[in-house]
Amino acid sequence: MAPLRQTATELLAQLHAGQVTSVELTRAYLDQIEQHDGNVKAFLRVNPRALDEAAAIDKRRAAGEPLGLLAGLPVAIKDLLCTQGEVTTCGSKMLENFAPPYDATVISRLRTADAVLIGKTNMDEFAMGSSTENSFYKNTANPWNLDYIPGGSSGGATACVAAGMAPLSVGSDTGGSIRQPSGLCGVTGLKPTYGRVSRYGLVAFASSLDQIGPIARTAEDTALLLEVLAGHDPLDSTSVDKPVPAYSQTVGQPLKNLRLGLVREHFGQGLDSEVEAAVREAVEVYKSLGATIVDISLPHGKYGIATYYIIAPSEASSNLARYDGVHYGYRTDEKQLVAELDRERAELVAAGKHAEAEALDNPLVRLYRKSRAEGFGPEVKRRIMLGTYALSAGYYDAYYLKALKVRRLIRRDYDEAFEKVDLVIGPVTPSPAFKLGEKVDDPLAMYLVDLYTVSANLAGIGGIALPCGFSSGGLPIGVQLQAPPFEEERLLRAAHMYQQATDWHQRYPSMIA
Ligand code: GLN
């Protein structure tokens, strides 16, 4: 079988057995990128040293040296993880030339595991978005139909796996950004429990929600990558010091007496009928595998979007204050700025408006303003304004504090549900992928795409999206499983059980030969 159709687990076995080299594999993926990424636009930058990295691993293998868990496998990286000395843009003009002086912890872990870093993938600016159309650089297309969005904000990371341009990729999920585009691209993606993976070197969006996680074709491959990414890190105080299970070893063990909670509220208004049918079909598959289906309620889930869109922008407004045009990142043209201030002052003085002339910005304040006005895109500005408003005196209690209280209730709903069930099952998104451009002028419609994903982030729990069907238009549909904190093993085993009984994860878009 052509390498692009194989799973990371299969490819690893072939690498170990000497049936293929890392250089051959890496070249196959680079060729696929070369041929199709002009259309898909999943990558912002391909690593020019990928083949050298592969060759170095092949050489060490030939010399009989011990190698890491991912030895020789290409992995793509969402462009918000710091790679030392290499540009890391976060999809923003603000960081167009930012080459971080250090590696994110997950990048160091990938290097230690001897992965080949094949390139950095496109994303919504600062991970804010659900379609990757908020990237400053380009719009990524859905490999199943190039007129459609791949989802977001990790749209490049999921599209490249769907398109056979990398067997594995790393994304981030603040309100659904791994699960939602995985569902829309027909791949498997896992958002770990808050604290499972170190975020040191992740460009922060909303620090109480952000998690890094794996994207792959199958649950088995997702397990393999999570095993490399997860673990405590002294450099991230929110990472939890809990042993990392050998996910790749246990993923194949089926779960007995599985109790799946079907959330009543998830099957109401707004859910596309084809998505509903595919998810219900997935539930039937689990039943046939011996699972018991329990009707459950998450009554506060309906406030998820409202709560998320207060908390996430509030944290973003604080995190993004660091981009001031002084420390690093984009800076407006200073000569132009000084000339502009001089001109404004002269005009005001000429008009006799001395007080106004006196009140003009000082150059530093104008530098902050202009750098931020020019460096951030419209959605990022909207979030900064929403967040600043929600945190401002007089509104803090009414918005931010209230959102925190609702967040607590959302978590409590899950705690109660998990007393009765092992996992929650439901849709990933209300509908399959929509057309590029369809929702760009309607931020609220774009926010509603996160209906089924934000609650897991608010509650801090893990979730996985996996392919479970196609729309009549030929676009992938995903099903989501959610688990109690630190039960990634359960998520992966349940997902693998499903993939052993179905072949949705083995469908390939036409660009994969
Ligand atoms: N779509 C959501 C947002 O725009 C989630 C993004 C994410 O998870 N990074 O905020």
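None of these values were measured; they are calculated from a predicted model.

**Student:** Is there a simple way to explain the overall build of the protein chain in this structure?
**Tutor:** When you go through the protein chain residue by residue, the secondary structure sums to 18 helices and 11 strands. Its C-alpha atoms give the protein chain a radius of gyration of 23 Å, near enough to 24 Å, the size a compact globule of 513 residues would have. C-alpha atoms of the protein chain, sized along the principal axes, occupy 85 × 55 × 45 Å. The burial tally for the protein chain puts 59% of its 513 residues in the buried class. Considering only contacts within the protein chain whose residues lie at least 6 apart along the sequence, 76% involve residues at least 24 apart. Accessible surface, the protein chain as shown: approximately 19,800 Å² in total, 52% of it carbon and sulfur. Across the protein chain, the centroid of the 51 positively charged side chains sits 3 Å from that of the 60 negatively charged ones.

**Student:** What is the right way to read the pairing of strand β9 (residues 423-427) from this model?
**Tutor:** Working note: regular strand, side chains alternate between the two faces of the sheet. For β9, a buried count of five out of five residues is recorded, marking the element as mostly surrounded by other parts of the structure. Bridge analysis of strand β7 (residues 259-263) against β9 gives three bridges, and the strand direction is parallel. Each bridged residue has a counterpart across the sheet, and for L260 the counterpart in β9 is L423. Looking at chain direction, β9 and strand β11 (residues 476-483) are connected through four bridges and run antiparallel. Bridge pairing in β11 places I425 opposite L481.

**Student:** Can you help me understand the packing of aromatic side chains in this one?
**Tutor:** Think of a pair of aromatic rings as described by two things: how far the centres are apart, and how the planes are tilted against each other in angle. Summed over all chains, the structure comprises 17 aromatic pairs. Here the aromatic rings of Y309 and Y447 are separated by 3.9 Å at their centres, their planes lie at 10 degrees, and the arrangement is stacked. Of this pair, Y309 sits in helix α10 (residues 304-319) while Y447 sits in helix α16 (residues 443-448); the two residues are 138 residues apart in sequence, bridging distant segments of the chain. A relative accessible area of 9% places Y309 in the buried class. For Y447, a relative accessible area of 9% corresponds to the buried category. Ring geometry for Y323 and Y328: centres 5.9 Å apart, planes at 90 degrees, overall edge-to-face. Residue Y323 is classed as buried on the basis of its relative accessible area of 3%. For R280, the ring lying beneath its charged end belongs to F267, and the centroid distance is 4.3 Å. Above the plane of the ring of F434 lies K439, whose end atom (NZ or CZ) is 4.8 Å from the centre.

**Student:** Is there a simple way to think about the site of the ligand in this case?
**Tutor:** Looking at the ligand, there are 15 residues lining it, with T174, G175, S177, Y308 and R383 nearest. Between T174 and the ligand, the recorded distance is 2.7 Å, taken from a backbone N or O atom to an oxygen atom. With the chains in place, 100% of the 290 Å² that the ligand exposes on its own is no longer accessible. Grouping the amino acids of the shell around the ligand by side-chain chemistry returns five nonpolar, seven polar and three charged.

**Student:** Looking at this model, I keep getting lost on helix α14 (residues 378-391). Mind explaining?
**Tutor:** Along an α-helix, residues three or four apart share an orientation, since each turn contains 3.6 residues. With 14 residues, α14 should reach 20 Å at 1.5 Å per residue; the first-to-last C-alpha distance of 20 Å fits that figure. Three or more residues of α14 are buried, namely E379, V380, R383, I384, G387 and A390. Along the axis of α14, the buried positions cluster into a sector of 140 degrees, meaning they face one direction only. Turned more than 90 degrees away from the buried face of α14, the exposed residues are P378 and M385. Summarising the contacts, the buried residues of α14 are in contact with α10, α13 (363-375), α15 (397-420) and α16.

**Student:** Before we go on, may I ask you to explain the side chain of N122 in this structure?
**Tutor:** Among the secondary structure elements, N122 is positioned in the loop between β3 (116-121) and α5 (155-162). We classify N122 as buried; its relative accessible area is 0%. There is a polar contact of 2.8 Å between the side chain of N122 and the backbone oxygen of K138.

**Student:** Help me understand unusual backbone geometry, please; the structure alone is not making it clear to me.
**Tutor:** Most peptide bonds adopt trans geometry, and most residues besides glycine take a negative phi value. At the junction of G152 and S153, the peptide bond is cis and its omega measures out at 5 degrees in the coordinates. Locating S153 in the fold gives a position in the loop between β3 and α5. Notably, F486 is not glycine yet its phi reads approximately 60 degrees, a positive angle. With respect to the helices and strands, the residue F486 is situated in the loop between β11 and α18 (488-501).

What counts, and at which threshold
Residues numbered from 1 in each chain as written. Predicted model: local features only at pLDDT ≥ 70, side-chain atom pairs only at ≥ 80, totals over all residues. Heavy atoms only, no water. Helix = DSSP H or I, 4+ residues; strand = E, 2+ residues; numbered from the N terminus. Rg over C-alpha atoms; globule rule 2.2 N^0.38 Å. Buried < 20%, exposed > 50% of the residue type's maximum accessible area, 1.4 Å probe, protein only. Contact = heavy atoms within 4.5 Å. Areas by Shrake-Rupley, 256 points an atom, 1.4 Å probe, with all protein chains shown as cover. Lys, Arg positive; Asp, Glu negative; His and termini not counted. Charge placed at Lys NZ, Arg CZ, Asp CG, Glu CD. Pairing = 2+ DSSP bridges. Phe/Tyr/Trp six-rings, centres within 6.5 Å; stacked < 30°, edge-to-face > 60°. Lys NZ or Arg CZ within 6 Å of the ring centre and 35° of its normal. Near = heavy atom within 4 Å. Polar contact = N/O pair within 3.5 Å; in protein donor to acceptor, adjacent residues only side chain to side chain. Nonpolar A, V, L, I, M, F, W, Y, C, P; charged D, E, K, R; others polar. Expected span 1.5 Å × (residues − 1). Arc of directions from axis to C-beta.

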